[in-house]
Amino acid sequence: MIPYTPPKTVQRLPVIDFADAFSSDLGKREAVAWEIHKIARDVGFFYLVNHGVPSALVDGQFDWARRFFAAPDAVKRAVDMSLSPAGFGYERIGTQALDDGPTDLKEGFQFGTDLPPDHPYVRQGVLRYGHNLWPQELPGMRAHAQQYHAAMSVLSQRLLSIIALSLQLPEDFFDFALGTPIATQRMLHYPPQPADAQHNQIGAGAHTDWGLVTILAQDDIGGLEVRNADGEWVRATPIHGSFVVNIGDLLQRWSNDIYHSNAHRVRNDNPAPRYSLPFFMDGDHAVTVSCLPSCCSDAHPARYAPCTIGDYLTQKVQETFGAASVLAVAP
Ligand SMILES: O=C(O)CCC(=O)C(=O)O
Ligand SMILES: [Fe+2]
């Protein structure tokens, strides 16, 4: 007889093979959705393989990240995010505190969908909508970055269609929320953890992501850690060619806490610098998030008042960027 011991939540992040998400066979898409459903109710993080994004595109984006962060300070400051009403561009080290402690030991560059000045959201000055800043001195970065952003947008749409299935909704359920979305790609550079860091000062302080889903490419240095449902920290050891996908706060809220947006953090204990490329699909700022019909009942009533995506993100930006908040966009 094998004595019964209660199941433990994951000690290693699960891997989702996404190949069947592209199948014309609904049963195969539903099988992927069911795997995601189980994970989303638990740790909320998984590796995604067979995702269809060419490795050369990802590698090329890492090359641009290395080139950009190695550029002279003047090149980076010329695209400082303080110059962008939308909050795009370069984020100096020490700008953001994702945990409510010391500032993070990372620098970043962020970009999103380029909108013309006469787009209604830009005219209204809606936070996080506008045009990107690109470094003049690095020709070629813009075209590649836009191609990468487009691939991430397409993948996030496919993920959300499978997530809709996983919540017993029509596959196109989230399409209305992706009208003119806040879809932010960041490039991040984490120097090695310095010996003189303040107490609890690390690459990225513990936080949850704010949007719908995040799709992260990480290099092979390691340092990302995820809190599982038991409150234990699990290393998201890099798996080459995979993305790390996680559920964000807005999806947790939309699903009435059935899906989990779990905390994670980064500490680069490697002597080499670490680079990562998180993409945040947050949705259209004007869309209202209120409990999904499949997620509330008399026994499990709605826990949150309806709110717009824009209002939720604005509140989170103010909490983590403090005085710099009007300029910031992510996570
Ligand atoms: O760099 C990473 O691995 C994670 C970054 C992250 O969690 C974020 O920017 O929200
Ligand atoms: Fe994050």
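Residues numbered from 1 in each chain as written. Chains lettered and ligands numbered in written order. Predicted model: local features only at pLDDT ≥ 70, side-chain atom pairs only at ≥ 80, totals over all residues. Heavy atoms only, no water.

As annotated in an unreviewed UniProt entry, the protein chain carries the name 2-oxoglutarate-dependent ethylene/succinate-forming enzyme and is attributed to Herbaspirillum hiltneri N3. Among the UniProt annotations of the protein chain, the heading Sequence similarities (unreviewed entry) holds the following wording: "Belongs to the iron/ascorbate-dependent oxidoreductase family." In its Cofactor (unreviewed entry) section, the UniProt record describing the protein chain reads: "Fe(2+)". (UniProt positions renumbered as here; feature names shortened; annotations may be inferred.)

Honestly, the overall build of the protein chain in this entry has me stumped. Any pointers?
In terms of helices and strands, the protein chain carries seven helices and 14 strands. Its C-alpha atoms give the protein chain a radius of gyration of 19 Å, near enough to 20 Å, the size a compact globule of 331 residues would have. Across its three principal axes, the protein chain shows a C-alpha extent of roughly 65 × 50 × 40 Å. Split into buried and exposed, the 331 residues of the protein chain put 56% on the buried side. Nonlocal contacts in the protein chain, meaning residues at least 24 apart in sequence, comprise 77% of its contacts between residues at least 6 apart. On the protein chain, roughly 14500 Å² of surface is accessible, and the fraction owed to carbon and sulfur atoms is 53%. Here the protein chain carries 25 positive and 36 negative side-chain charges, and the mean point of each set is 2 Å from the other. (Helix = DSSP H or I, 4+ residues; strand = E, 2+ residues; numbered from the N terminus. Rg over C-alpha atoms; globule rule 2.2 N^0.38 Å. Buried < 20%, exposed > 50% of the residue type's maximum accessible area, 1.4 Å probe, protein only. Contact = heavy atoms within 4.5 Å. Areas by Shrake-Rupley, 256 points an atom, 1.4 Å probe, with all protein chains shown as cover. Lys, Arg positive; Asp, Glu negative; His and termini not counted. Charge placed at Lys NZ, Arg CZ, Asp CG, Glu CD.)

Is there a simple way to explain the packing of helix α2 (residues 55-70) against helix α5 (residues 141-166) in this structure?
Working note: a packed helix pair is described by the angle between its axes plus the distance between those axes. In contact at an axis separation of 10 Å, α2 and α5 are set at 135° when each is read in the N-to-C sense. Taken together, α2 and α5 sit at an angle that is classed as oblique. Crossing of α2 against α5: the hand is left-handed. In contact with Ala56, Leu57, Val58, Gly60, Gln61, Trp64 and Phe68 of α2, α5 contributes Met141, His144, Ala145, Gln147, Tyr148 and Ala151. Considered class by class, the residues forming the contact of α2 with α5 number nine nonpolar, four polar and no charged. (Axes fitted to C-alpha atoms, helices over the stretch in contact; angles between N-to-C directions. Parallel < 35°, antiparallel > 145°, perpendicular 65-115°, else oblique. Left-handed = near helix turned anticlockwise from the far one by under 90°. Nonpolar A, V, L, I, M, F, W, Y, C, P; charged D, E, K, R; others polar.)

Explanation requested: empty space enclosed by the protein in the structure shown.
Rolled over the atoms, a probe with the dimensions of a water molecule shows which regions are left empty. Enumeration according to the criterion identifies four cavities of 30 Å³ or more in this entry. As a volume, the largest cavity reaches approximately 190 Å³. Element by element, the count of residues in the lining of the largest cavity is highest for strand β12 (residues 274-284), at four residues. Grouping the constituent residues of the lining of the largest cavity by class yields eleven nonpolar, five polar and four charged. As a volume, the second largest cavity reaches approximately 80 Å³. Taken together, 13 residues make up the lining of the second largest cavity; nearest its centre are Phe88, Thr113, Arg128, Pro181 and Ile182. (1 Å grid on protein atoms, 1.4 Å probe; cavity = no way out; pocket = protein on both sides within 12 Å on 5 of 7 lines; lining within 4 Å. Points joined across faces, edges and corners; volume = space filled by probe spheres on them.)

In this structure, what is going on with the sheet that holds strand β2 (residues 45-49)? I would like to understand it.
Hydrogen bonding along the main chain pairs the strands of a sheet, whether they run parallel or antiparallel. Overall, mixed pairing links the eight strands, which are arranged β1-β2-β10-β7-β12-β5-β4-β3 in an open sheet. Both outer strands of the open sheet, β1 (15-17) and β3 (89-91), are each paired with one neighbouring strand and no more. Between one strand axis and the next, the sheet turns by 25° as a mean value, whatever way the strands run. Of the strand pairs in this sheet, strand β4 (residues 107-111) and strand β5 (residues 181-190) are connected by five bridges, and their pairing is antiparallel. Looking at β5, one finds that Glu107 is bridged to His189. Packing against the sheet, helix α1 (residues 26-41) makes contact with β1, β2 and β10 (243-247), and its axis sits at approximately 165° to β1. (Pairing = 2+ DSSP bridges.)

Would you mind showing me how to read the nonpolar core here?
Side chains that are nonpolar tend, in soluble globular proteins, to be buried together. Ranked by size, the top nonpolar core spans 90 residues in total, and within it Phe18, Ile36, Phe68, Phe109, Ile163, Met187 and Phe243 carry the most contacts. No other element matches the twelve residues that α5 contributes to this core. Beyond its immediate sequence surroundings of up to four residues, Met187 is in contact with Gln61, Trp64, Ala65, Phe68, Phe69, Glu107, Gly108, Phe109, Phe111, Met141, Ser276 and Leu277. (Core = buried A, V, L, I, M, F, W, Y, C linked by side-chain atoms within 4.5 Å.)

For this particular structure, what's the right way to read α2?
Because each turn of an α-helix spans 3.6 residues, side chains separated by three or four positions in sequence point in the same direction. Over its 16 residues, α2 extends 23 Å from the first C-alpha to the last, a length consistent with the 22 Å expected when each residue adds 1.5 Å. Restricting attention to buried positions, one finds in α2 the residues Leu57, Val58, Gly60, Gln61, Phe62, Trp64, Ala65, Phe68 and Phe69. (Expected span 1.5 Å × (residues − 1).)

Help me understand the pairing of strand β8 (residues 224-227) in this model?
Looking along a regular strand, one sees the side chains alternate between the two faces of the sheet. Bridge count between β8 and strand β11 (residues 264-266): three bridges; the pairing is antiparallel. Bridging across to β11, Glu225 finds its partner in Arg265. Pairing of β8 with strand β9 (residues 233-235) involves three bridges; the strand directions are antiparallel. When the bridges of β9 are listed, Arg227 appears paired with Trp233. From the end of β8 to the start of β9, which pair antiparallel, there are five residues, and Gly231 there has a positive phi angle of about 85°.

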